[in-house]
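Chain residues, written in single-letter form:
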Amino acid sequence: MNEFQEQSDRRFTDQSLEEQLALALARVEPSPDFAAGVLARVAGMGARREPWWKRVAGAVFAPGSLRWAPAFAAIVLVAAGTVYHEHQRVVEGLRAKQQLLEALRITNAKLQETGMRVAQVETRSKE
Amino acid sequence: MGLAVAACLAAPLWAAEDIHMPVNLDKLAERATETVDVTLDASMLQLASKFLSSQDADEAKAKNIVSRLRGVFVRSFEFDKDGQYAMSDVEALRAQLKSPQWTRIVGVRSVKGENSEVYLQRNGDQIEGLFVIAAEPRELTIVHIDGSIKPEELAELEGHMGIPHIGKNKTKGGGKSDDKAQKEEE
Amino acid sequence: MEGTQALQNMAIGQAAAVEEAVLPTFAEAVARHQSMVFSIGWHFLRNRALAEELAQDVFVELHRHWHSIRSADHLVFWLRKVSSNRAIDFVRKRRSRPECSLESTNEPSTLEKLNDTLLKSYLERMVASLPDKQRMVVVLRYQEGLEPEEISRLLDMNVSTVKTNLARALELLRVKTAGKLQPSGSDRGQGNI
């Protein structure tokens, strides 16, 4: 094998290797409850580091500010509901994304299989 | 009468074009060793799309595909032995695809009992839907994609996002159709 | 009312300094980028539990620094930088190595044709056996599709060092995969190179 052929083959092999590396190192998903775990851990840490109720209580029971107590209570309730809703939305969205990718994979797989069968039939009919 | 009403209510409406999944097919999950059940309507597709990153080339492609869809519905059943489903149930589905809007562009049958069909729903020159029925002795897969879909765009996702290469052989489109049902692999 | 405003900000996951029109919420950021962060850990450590632990740590740190994130692009850069450097530190502190060394990796017989699944698994294991810096350079290059200049910014390396590491890693991998990578639909090559 001459040097030109060797270099050409090496470039081809490198290209194949790079393509295979990109496939081998494709991103993968963590466990389905990963995001929920992160949010739970962050929420727990937030409570320990900055107790929001202390800040709310400090604002509520500050001199002359008792009249704001109902408003603060309403904001806390809305905030808690918002956080919970956001969390649920994330969980639902991730599940939908996984299902979507699975559906696209199956669709493509079936189309490819059908195509291969068509090709086989065509090949046999030509023989 | 009550049972008939219940049966009608139990049959899920897959798309605005009223393709009903025969009730018997939904019960196959009880006999299947593996089941894939995906029902994503327009709102769920929109939600899923928000979690596809535009900064990732492959997810951006998927996002582009999904932006034109109204629904994605998949039922796939794997069995550990033959004869777990009746072809008459598949026939009930095929009967619904005989409407003028649907065109069967590929139909392949083998002596091993592996049957594959691909239907396209057209609106003039536009493709408005894709339907795949893949019936094998131990596996039945039904796919309905409602919306503007190009099968070659699906093939571009191959090898990425955990969607594995299926094969490296070149494939050609169905002989009697002027529409491509599959993309040639590189 | 400072307390009220801060409470609202915390509830919706946005800090005052964030450009609301560009950045997602923290929860959306986790959902959108968890795959990227986890995969860097997974391909580097080849241990799912450790990769998840690492990824969680990265997002917890992101939450602490959320106020400093300026844009969606900055977010991605920050996550890649912290993930890759933490993964390298992780290995060094724990002196943990991936499950097999390059030398001990069983090579399929040269007479066997590998299908895609086997080759993928084989390559993953070989990448995991590379020296730390080479391994992370390969992961960032082929998982994330980054150019050497971008990798050099993430790993605080000279561009030339990145390129050298990449070249050495590819040479090692090329030797190990010689003969396994066959062209498709073509007659080039005579089997093993």
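The structure displayed is predicted, hence computed values, not measured ones.

### Some details on the overall build of chain A
Reasoning step 1: Across its full length, chain A holds four helices and zero strands.
Reasoning step 2: Put simply, chain A runs from its N terminus to its C terminus through helices and strands in the order α-α-α-α.
Reasoning step 3: Every one of the 127 residues in chain A was classed for burial, and the buried ones make up 30%.

### Observations concerning the overall build of chain C
Reasoning step 1: From N to C terminus, chain C includes eight helices and zero strands.
Reasoning step 2: Shown N-terminal to C-terminal, the secondary structure of chain C runs as helices and strands in the order α-α-α-α-α-α-α-α.
Reasoning step 3: Taken across its 193 residues, chain C has 36% of its residues classed as buried.
Reasoning step 4: Look at the contacts in chain C between residues 6 or more apart in sequence, and 60% of them connect residues 24 or more apart.

### Side note on the pairing of strand S4 (residues 115-123) of chain B
Residue and element names in this part refer to chain B.
Reasoning step 1: Here seven bridges tie strand S3 (residues 102-109) to S4, and the two strands are oriented antiparallel to one another. Within the sheet, the bridge partner assigned to arginine 104 lies in S4 and is tyrosine 119.
Reasoning step 2: Two successive antiparallel strands, S3 and S4, enclose a turn made up of five residues, where glycine 113 displays a positive phi of approximately 85 degrees.
Reasoning step 3: Bridge analysis of S4 against strand S5 (residues 126-136) gives nine bridges, and the strand direction is antiparallel. Bridge pairing in S5 places serine 116 opposite alanine 134.

### Overview of the confidence of the model for chain C
Residues and elements named next belong to chain C.
Reasoning step 1: Across chain C, pLDDT averages 76, with 68% of residues at or above 70.
Reasoning step 2: Overall, residues 99-115 carries pLDDT values under 50, and its contacts beyond four positions in sequence, including any with other chains, amount to 18 contacts.
Reasoning step 3: In the model output, the complex is listed with pTM 0.47 alongside ipTM 0.71.

### With respect to the nonpolar core
Reasoning step 1: Ranked by internal contacts, the top residues of the largest apolar core, which has 97 residues, are A:Leu100, B:Ala48, B:Val72 and C:Val30.
Reasoning step 2: Among the domains, domain 1 (15-96) and domain 2 (100-178) of chain C are the pair contributing at least three residues each to this core.
Reasoning step 3: Every residue in contact with A:Leu100, bar those within four places of it in the chain, is listed here: B:Leu40, B:Leu45, B:Ala48, B:Val66 and B:Val72.

### Brief notes about the sheet that holds S3(B)
Residue and element names in this part refer to chain B.
Reasoning step 1: Read across the sheet, six strands follow the order S1-S2-S6-S5-S4-S3 without closing on themselves; strand pairing throughout is antiparallel. Each of the sheet's edge strands pairs with one partner strand only, and the pair in question is strand S1 (34-40) and S3. Adjacent strand axes in the sheet meet at a mean angle of 10 degrees, parallel and antiparallel pairs treated alike.
Reasoning step 2: Strands in contact with helix H3 (residues 42-50) are S1 and strand S2 (69-78); relative to S2, the strand with the most contacts, it is inclined by about 90 degrees.

### As for the packing of helix H6 (residues 132-142) of chain C against helix H7 (residues 148-155) of chain C
Residues and elements named next belong to chain C.
Reasoning step 1: Interhelical geometry of H6 versus H7 gives an angle of 130 degrees and a closest axis separation of 10 Å. As summarised for this structure, H6 and H7 are arranged oblique, according to the angle between their axes. The hand of the H6/H7 crossing is right-handed. Counting all contacts with H6, which are made through Met136, Val137, Leu140 and Arg141, the residues of H7 involved are Ile151, Leu154 and Leu155.

### Details of the packing of helix H2 (residues 26-45) of chain C against H6(C)
Residue and element names in this part refer to chain C.
Reasoning step 1: Contact geometry for H2 and H6: axes closest at 10 Å, N-to-C directions at 140 degrees. By the angle between their directions, the pair H2 and H6 is classed as oblique. The two elements H2 and H6 cross, and the hand of that crossing is right-handed. Packed against H2, whose contacting residues are Ile40, His43 and Phe44, the element H6 presents Arg135, Met136 and Val139 at the interface.

### Observations regarding unusual backbone geometry
Residues and elements named next belong to chain C.
Reasoning step 1: One non-glycine residue, arginine 46, lies in the positive phi region at around 55 degrees.
Reasoning step 2: Along the polypeptide, arginine 46 turns up in the loop between H2 and helix H3 (48-64).
Reasoning step 3: Note on arginine 46: 20 C-beta atoms within 10 Å, which makes it buried.
Reasoning step 4: Here the phi dihedral of aspartate 156 falls at roughly 50 degrees; this positive angle occurs in a residue that is not glycine.
Reasoning step 5: Mapped onto the fold, aspartate 156 is located in the loop between H7 and helix H8 (159-177).

### Here we look at H6(C)
Reasoning step 1: Across the 11 residues that make up H6(C), a large majority, nine, are buried.
Reasoning step 2: Listing the buried residues of H6(C) in full gives C:Gln134, C:Arg135, C:Met136, C:Val137, C:Val138, C:Val139, C:Leu140, C:Arg141 and C:Tyr142.

### Considerations on the environment of A:Ala24
Reasoning step 1: Residue placement: A:Ala24 occurs in helix H1 (residues 3-24).
Reasoning step 2: Among all residues touching A:Ala24, those that are not within four sequence positions of it are C:Lys120, C:Leu123, C:Glu124 and C:Val127.

### Here's the deal with H8(C)
Residue and element names in this part refer to chain C.
Reasoning step 1: For H8, which comprises 19 residues, the first-to-last C-alpha distance of 27 Å matches the rise-based estimate of 27 Å (1.5 Å per residue) to within 8%.
Reasoning step 2: Listed as buried for H8 are Val162, Asn165, Ala169, Leu173 and Thr177. Seen along its axis, H8 keeps its buried residues to an arc of 95 degrees; they face one direction. Facing away from the buried side of H8, by more than 90 degrees, are the exposed residues Ser160, Ala167, Glu171 and Val175.

### Considering the confidence of the model for chain A
Reasoning step 1: Of all residues in chain A, 68% attain a pLDDT of 70 or more, and the chain-wide mean is 74.
Reasoning step 2: Ranking the helices and strands of chain A by mean pLDDT puts helix H4 (residues 69-126) of chain A first, with 79, and helix H3 (residues 52-60) of chain A last, with 60.

### Overview of the environment of C:Val60
All names here are of chain C.
Reasoning step 1: By the element assignment, valine 60 lies in helix H3.
Reasoning step 2: Judged by local crowding, valine 60 falls into the partly exposed class, with 13 C-beta atoms found within 10 Å.
Reasoning step 3: The spatial distance from the C-alpha of valine 60 to the C-alpha of valine 30 is 9.9 Å, given a sequence separation of 30 residues.

How each quantity is defined
- Residues numbered from 1 in each chain as written.
- Chains lettered and ligands numbered in written order.
- Predicted model: local features only at pLDDT ≥ 70, side-chain atom pairs only at ≥ 80, totals over all residues.
- Helix = DSSP H or I, 4+ residues; strand = E, 2+ residues; numbered from the N terminus.
- Buried ≥ 20, exposed ≤ 12 C-beta atoms within 10 Å, placed from the backbone.
- Contact = placed C-beta atoms within 7 Å.
- Pairing = 2+ DSSP bridges.
- pLDDT = per-residue confidence, 0-100.
- Core = buried A, V, L, I, M, F, W, Y, C linked by C-beta atoms within 7 Å.
- Domains from an automatic or database assignment.
- Axes fitted to C-alpha atoms, helices over the stretch in contact; angles between N-to-C directions.
- Parallel < 35°, antiparallel > 145°, perpendicular 65-115°, else oblique.
- Left-handed = near helix turned anticlockwise from the far one by under 90°.
- Expected span 1.5 Å × (residues − 1).
- Arc of directions from axis to C-beta.

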